[in-house]
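Summary of structural features
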Amino acid sequence: MAGDQKKEFLTRPEDDRDLVVEEARPITKKPPLFRVLLLNDDYTPMEFVVEILESIFGLDRPKATRIMLEVHTQGRGVCGIFTYEIAETKVAQVSAFADQHQHPLLCTLEEI
């Protein structure tokens, strides 16, 4: 891809020296990433956690089950890594879904 890009040069006819000027490209950096975590509690059913992982995070059944067991045994589990806006949205979706089904499941995010 890098070889396909052509550099665009501008010449200024009013200059006698025929200067060639390359347009400056803005310096960009990658946005920070955030982990979305589910926290264990003693009341939320394991099957409900698997349902959340499948429906909100788009995980397949085996991966959702593995993360659910991680939450159950280690106290927390990583559901995914996202940019801030997406991570914040996922946390809000999980919280709303848990509240709607009257479960105290907690979801949070942390910067990597």
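Note: the structure precedes this text.
Residues numbered from 1 in each chain as written. Predicted model: local features only at pLDDT ≥ 70, side-chain atom pairs only at ≥ 80, totals over all residues. Heavy atoms only, no water.

1. Quick word on the packing of helix H1 (residues 46–55) against helix H2 (residues 61–74)
Rules: Every angle, taken between N-to-C directions, lies between 0 and 180 degrees, and every axis is a line fitted to C-alpha atoms, over only the stretch in contact when it is a helix. Secondary structure elements are taken from DSSP: a helix is a run of H or I of four residues or more, a strand is a run of E of two residues or more, and numbering for both begins at the N terminus. What sets the label is the angle itself: under 35 degrees gives roughly parallel, over 145 gives roughly antiparallel, 65 to 115 gives roughly perpendicular, and the rest give oblique. Crossings are sorted by hand: turned counterclockwise from the far helix by less than a right angle, the near helix makes the crossing left-handed, and turned clockwise it makes it right-handed. Throughout, a contact is declared for two residues whenever any of their heavy atoms are within 4.5 Å.
With their axes 9 Å apart at the nearest point, H1 and H2 run at an angle of 130 degrees to one another. Taken together, the axes of H1 and H2 lie oblique to each other. Where H1 crosses over H2, the handedness of that crossing is right-handed. In this structure, H1 uses Met 46, Glu 47, Val 49, Val 50, Leu 53 and Glu 54 to contact H2, whose residues at the interface are Arg 61, Ala 64, Thr 65, Ile 67, Met 68 and His 72.

2. What about H1?
Basically, it comes down to this: Residue exposure (1.4 Å probe, protein chains only): buried if accessible area is under 20% of the type maximum, exposed if over 50%, otherwise partly exposed.
Every buried residue of H1 is accounted for by Phe 48, Val 49, Val 50, Ile 52 and Leu 53. Lining the buried residues of H1 we find strand E3 (33–39), H2, strand E4 (76–83) and helix H3 (84–100).

3. Regarding the pattern of salt bridges
What counts, and what does not: Counted as salt bridges are all cases of a side-chain nitrogen of Lys or Arg within 4 Å of a carboxyl oxygen of Asp or Glu.
The tally for this structure, following the rule as stated, stands at five salt bridges. With its nearest N and O atoms 2.8 Å apart, the salt bridge here joins Glu 47 to Arg 61. One end of the pair, Glu 47, is in helix H1; the other, Arg 61, is in helix H2, with 14 residues separating them in the sequence. By relative accessible area, Arg 61 is classed as partly exposed at 40%. Across the pair Arg 66 and Glu 70 runs a salt bridge whose closest N-O atoms are separated by 3.5 Å. Taken together, the residues span about one helical turn, with Arg 66 and Glu 70 both in helix H2 at a distance of four residues.

4. Quick word on the environment of Leu 69
Residue position: Leu 69 is located in helix H2. Between the alpha carbons of Leu 69 and Met 46 there is a distance of 8.1 Å; along the sequence they are 23 residues apart.

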